[in-house]
Amino acid sequence: MKAEIVAVGTELLLGQIANTNAQFLSRECAAIGVDIYFQTVVGDNEQRLLESLTLAASRADVVICTGGLGPTQDDLTKDVLAAYVGRQLIIHEPSMNAITQMFQSRGIHMVESNRRQALMLEGSDPLHNETGLAVGVAFTFEGTHFILLPGPPKEMKPMFTNYAVPWLHAVMHDEVPLYSKMLKFAGIGESNLEHQLIDLIQAQSDPTIAPYAKEGEVTIRLTTRAQTAEEGERKLFATEQEIRSRLGQHIYADQDVPIETIVLKMLDERKLSLAVAESCTGGLLSDLITSIPGSSSSFLGGIICYSNALKHKLLGVPMDVLEGEGAPGAVSSETAVILAENLLTTTGSDFGISVTGVAGPGSSEGKPVGLVYIGFAQKNAETQVITLQLSGNRESIKHRSAKSALYHLWKQLKES
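Residues numbered from 1 in each chain as written. Predicted model: local features only at pLDDT ≥ 70, side-chain atom pairs only at ≥ 80, totals over all residues. Heavy atoms only, no water.

- As annotated in an unreviewed UniProt entry, the protein chain carries the name Putative competence-damage inducible protein and is attributed to Paenibacillus violae.
- Under the Sequence similarities (unreviewed entry) heading, UniProt states for the protein chain: "Belongs to the CinA family." (UniProt positions renumbered as here; feature names shortened; annotations may be inferred.)

This is how it looks when you write it as structure tokens:
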């Protein structure tokens, strides 16, 4: 079953908000065996929306619309679709009651336009909105299945998962869903990974192998069609084992999670603590770590020692190491070692990671953009330094430096 996503909203075309709904829907549809063939974005214009819906219906079995279900006059999706299929718009009474009660409970006067959020096409199935007011709609017209969802992700996601997916299952009948598994890699670039798997990628049929890259991480998605997770695992097993035999040292997870999640889990399981000292990453490493719920159980904190003065004052790096003729400088393995080791003393952590380098856009201390030193200090162990020569812009170098630090900590934890 092939599908098209039609995202409605002029704000999307203007770049005022990102179309994250399409990303979510594409992923969730693949999981149930619905292939997204097209994604369309159209503004709040009646004629252009009608043209987009007409085109989508001509080439897709399922048309999923997001946005345009609100109370204002530019929320046109239901109106345009009703005109397209020749059906009346009627009030969905349970939704209308919920809207009325909400305004009454807040002591706010409800204007007539709010009734628009309770409209549905005659003969359609309502999709309950758990977190908002606008009712969703699902129906079939001349062999095409239409699903209308609200634009705000906090409303769209639960409506799709809890109500639209069961509705789709009911109309799909014997369709075999897709089963996917993610393999997450770190410490290797996308081109190198593809080079080492090129024979598998070129010969793929079932399962399929699809690499995806983010800053500092690469994902491979293995996909097959299977009725159950157990059947899917069996069909993916041989391909996954072959990939692991070649690149197992870089695979940190078999689920779609960032490496910081796995590192924190390993630290927590072993009752170990971590602290970081950041220069060129400017707190990004700490931000990645603390974005994970429960990170406080293992992460003691970070010191952003951007200037030489703070490297000296807070973590005791001698000034004759940082500055002066013949000095190693702030961007050096010597500084990385001192930062990491003194971090252990200052915080009492089990691991201390330091990051110092040149993020750009210009050179520093006569050293090239992208040169980064990462220090790893551990109680009762010799301090290690990883030297990187990264390419890319300032943000890319910062992000890849932080991810590299996490990857090498993961390696140490894995091997210990």
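Continuing now.
### Remarks on the sheet that holds strand β12 (residues 251-253)
Here is step 1 of the chain: With antiparallel pairing, the 4 strands of this open sheet are ordered in space as β10-β11-β9-β12. Two strands close off the open sheet at either side, each with one partner strand: β10 (208-214) and β12. With direction set aside, neighbouring strand axes in the sheet form an average angle of 35°.
Here is step 2 of the chain: Note: strand β9 (residues 178-186) against β12, 2 bridges, orientation antiparallel. Across the sheet, the residue bridging to Lys-184 is Ala-253, located in β12.
Here is step 3 of the chain: Packing of helix α8 (residues 229-247) onto the sheet brings it into contact with β9, β10, β11 (217-225) and β12, and relative to β9 it is tilted by some 25°.
Here is step 4 of the chain: Lying on the sheet, helix α9 (residues 259-269) is in contact with β9, β11 and β12; it crosses β12 at an angle near 75°. (Pairing = 2+ DSSP bridges. Helix = DSSP H or I, 4+ residues; strand = E, 2+ residues; numbered from the N terminus. Axes fitted to C-alpha atoms, helices over the stretch in contact; angles between N-to-C directions. Contact = heavy atoms within 4.5 Å.)

### Some thoughts on the environment of Lys-157
Here is step 1 of the chain: Examined against the element boundaries, Lys-157 turns out to sit in helix α6 (residues 153-172).
Here is step 2 of the chain: Residue class for Lys-157 comes out partly exposed when judged on its relative accessible area of 35%.
Here is step 3 of the chain: Sequence separation between Lys-157 and Asn-21 is 136 residues, and the spatial gap between their C-alpha atoms is 8.1 Å. (Buried < 20%, exposed > 50% of the residue type's maximum accessible area, 1.4 Å probe, protein only.)

### Details of helix α4 (residues 77-85)
Here is step 1 of the chain: For α4, the set of buried residues is Thr-77, Lys-78, Val-80, Leu-81, Ala-82 and Val-85.
Here is step 2 of the chain: Positive backbone phi, at 70°, marks Gly-86, one or two positions downstream of α4.

### Things to note about the side chain of Asn-129
Here is step 1 of the chain: Take Asn-129: it is sitting in the loop between β6 (125-127) and β7 (136-141).
Here is step 2 of the chain: Assessed through its relative accessible area of 7%, Asn-129 is described here as buried.
Here is step 3 of the chain: There is a polar contact of 2.7 Å between the side chain of Asn-129 and the backbone nitrogen of Gly-132.
Here is step 4 of the chain: There is a polar contact of 2.8 Å between the side chain of Asn-129 and the backbone oxygen of Ala-134.
Here is step 5 of the chain: In this structure, Asn-129 is in contact with Ala-134, Pro-150, Glu-155 and Met-159, ignoring residues within four places of it in sequence. (Polar contact = N/O pair within 3.5 Å; in protein donor to acceptor, adjacent residues only side chain to side chain.)

### A closer look at unusual backbone geometry
Here is step 1 of the chain: Here the residue pair Asp-206 and Pro-207 is connected by a cis peptide bond, since its omega of 10° sits within 30 degrees of zero.
Here is step 2 of the chain: At the junction of Gly-360 and Pro-361, the peptide bond is cis and its omega measures out at 10° in the coordinates.
Here is step 3 of the chain: By the secondary structure assignment, Pro-361 is in the loop between β15 (351-357) and β16 (371-378).
Here is step 4 of the chain: Residue Glu-365 is not a glycine yet carries a positive backbone phi of 55°.
Here is step 5 of the chain: Tracing the sequence through the fold places Glu-365 in the loop between β15 and β16.
Here is step 6 of the chain: Here Glu-365 falls in the partly exposed class, since its relative accessible area comes to 39%.
Here is step 7 of the chain: Even without being glycine, Asn-380 reaches a positive phi, approximately 60°.

### Describing the sheet that holds strand β3 (residues 62-66)
Here is step 1 of the chain: Across the sheet, which stays open at both edges, the 6 strands sit in the order β2-β1-β3-β8-β7-β6 with mixed pairing between neighbours. Because the sheet does not close on itself, it has two edges, and the strands there are β2 (35-42) and β6. The average undirected angle you get between the axes of adjacent strands in this sheet is 20°.
Here is step 2 of the chain: Along the sheet, α6 contacts β3, β6, β7 and β8 (144-149); its crossing angle with β8, the most-contacted strand, is approximately 165°.

### A short note on the pattern of salt bridges
Here is step 1 of the chain: Considering all chains together, one arrives at 19 salt bridges under this definition.
Here is step 2 of the chain: Put simply, Glu-112 and Arg-115 hold a salt bridge, and the shortest N to O gap is 3.1 Å.
Here is step 3 of the chain: In this structure, the salt-bridge partner of Arg-244 is Glu-240, at a minimum N-O distance of 2.9 Å. Placement of the pair is Arg-244 and Glu-240 together in helix α8, with a separation of 4 residues, close to one helical turn.
Here is step 4 of the chain: A relative accessible area of 5% means that Glu-240 is categorised as buried.
Here is step 5 of the chain: Connected through shared salt-bridge partners, Lys-184, Glu-217, Asp-256, Glu-260 and Lys-403 make up one network. (Salt bridge = Lys/Arg side-chain N within 4 Å of Asp/Glu carboxyl O.)

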